[in-house]
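Chain and residue survey
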Amino acid sequence: MSLFDSKLSRKVLPVLVMAGMVGLTGCSKSDNAAEGASAADSKEGKTIRIATEGAYPPFNFTNNDGSLGGFDVDVANAICAEMKAKCEIVSQDWDGLIPGLLANKYDAIIAGMSITPERSATVDFTEPYFSNTMVWLAKKDGTFSPDNISNKDLGSQRSTTLGEYLLANFDNKDGNKVNLYDTYENAYLDLKSGRVDAVLAEKVSAADWLPENPEYAVIGKEIDNDDHLGIALRKNDALKEEFNAAINTLRSKGELAKIEEANFGK
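Calculation criteria
Throughout, residues of each chain are indexed from 1 in the direction in which the sequence is written. For a predicted model such as this one, the threshold for reporting local features is a pLDDT of at least 70, and the threshold for listing and counting side-chain atom pairs is 80 or more; totals across whole chains, interfaces and linings nevertheless cover every residue. Side-chain calculation: all heavy atoms of the structure are included, whereas hydrogens and water are not. For helices the rule is a DSSP run of H or I covering at least 4 residues; for strands it is a run of E covering at least 2, with both sets numbered from the N terminus onward. Areas reported here follow the Shrake-Rupley algorithm with a probe of radius 1.4 Å; residue values treat only the protein chains shown as occluding. Three labels apply to residues, based on accessible area from a 1.4 Å probe with only protein chains included: buried if under 20% of the type maximum, exposed if over 50%, partly exposed otherwise in between. Under the rule applied, a polar contact is a pair of N or O atoms within 3.5 Å (in protein, one hydrogen donor and one hydrogen acceptor; residues adjacent in sequence only if both atoms are side-chain atoms). Axis geometry follows a simple rule: fit a line to the C-alpha atoms, using only the stretch in contact for helices, then measure angles between N-to-C directions, giving values from 0 to 180 degrees. For classification, angles of less than 35 degrees are called roughly parallel, those exceeding 145 degrees roughly antiparallel, those between 65 and 115 degrees roughly perpendicular, and all remaining angles oblique. Contacts are assigned to residue pairs with any non-hydrogen atoms lying within 4.5 Å of each other. Gly falls in the polar group here, along with every residue not listed as nonpolar (Ala, Val, Leu, Ile, Met, Phe, Trp, Tyr, Cys, Pro) or charged (Asp, Glu, Lys, Arg). Should DSSP find at least two bridges between two strands, the strands are taken to pair. To define a nonpolar core, start from buried Ala, Val, Leu, Ile, Met, Phe, Trp, Tyr and Cys residues and group those joined through side-chain atoms within 4.5 Å.

Considerations on the overall build of the protein
From N to C terminus, the protein includes eight helices and 16 strands. Carbon together with sulfur atoms contributes 47% to the accessible area of the protein, which is approximately 11800 Å² in total.

Some thoughts on the side chain of S159
If you trace the backbone, S159 turns up in the loop between β12 (153–157) and α4 (161–169). Using a relative accessible area of 9% as the deciding quantity, one classes S159 as buried. Here the side chain of S159 touches D95 through a polar contact of 3.3 Å, side chain to side chain.

Regarding the packing of helix α1 (residues 71–82) against helix α7 (residues 239–252)
The geometry of α1 relative to α7 is characterised by a closest axis approach of 9 Å and an angle of 105 degrees between their N-to-C directions. One element, α1, and the other, α7, form an angle in the roughly perpendicular class. Taking contact as the criterion, the partners of A78, I79 and E82 in α1 are, on α7, F243, A246, I247, T249 and L250. Classifying every residue of the contact of α1 with α7 gives six nonpolar, one polar and one charged.

What to know about the sheet that holds strand β6 (residues 60–62)
Adjacent strands of a sheet form backbone hydrogen bonds with each other and so pair up, either parallel or antiparallel. The three strands lie next to each other as β5-β6-β7, forming an open sheet whose pairing is antiparallel. Both edges of this open sheet fall to β5 (55–56) and β7 (68–69), since each of them pairs with a single strand only. In the sheet, β5 pairs with β6 via two bridges, with the strands oriented antiparallel. Bridge assignment links A55 to a residue of β6, and that residue is F61.

Details of the nonpolar core
Formed by 60 residues in total, the largest nonpolar core has its most connected members in I50, I79, Y129, W136 and F243. Among the elements that take part in this core, α1 stands out by supplying seven residues, more than any other. One finds L101, A111, M113 and F125 within the second-largest nonpolar core, a separate group that totals 13 residues.

Now the structure itself:
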């Protein structure tokens, strides 16, 4: 892919955070979410309710008309088509995604969510449908170097693998301070305003942001933290086997690669 070529990483969520839920409805936010939603049969076949964040472009985003788009949404629709199921996609704030799944608000999460041991203790994951890496974003003026990070304000998104990486390796060390944000967009805003010196971002997110911000660049080499994205489901849900079969079929047919190229470019 342009800007970056190798395999592509995402999020550490404190899975027990039972944050207040955002109301859900198909393809947009609303106040009409039904409790106990689960995959149900309809005249058109099985209906699968899938949650995404809707605020993490290019993986997932909310359009001006309230509809949801992005890589995760395209993957969800392709999986449902392969399973011959009706796909109902809803939006949910990041911190509420796993709590909402456990509360039966929806059947699965496709939201650029990393497979981690912490999450796997609470939910099941399918096999990976995507992998990503981390990169440093900073001004091109040479004031930031990943080879000598000291006395810097560093940013990323909270409740992510990247945020945890920053906290573990840099916070209150060598004069550095870590600032974590609700979304990458807010981290980028503070980077542009000078409140942080660099942002640790996922490669695909960085590639999406950089074209409109040419005074910034990826500084140094990308960091492969062995991060893989999976679909989260409730423990022991039979849907896991069906999702895995669909992912394997889409990958073998080259459909996943086509969806990647459509959303991320080459």
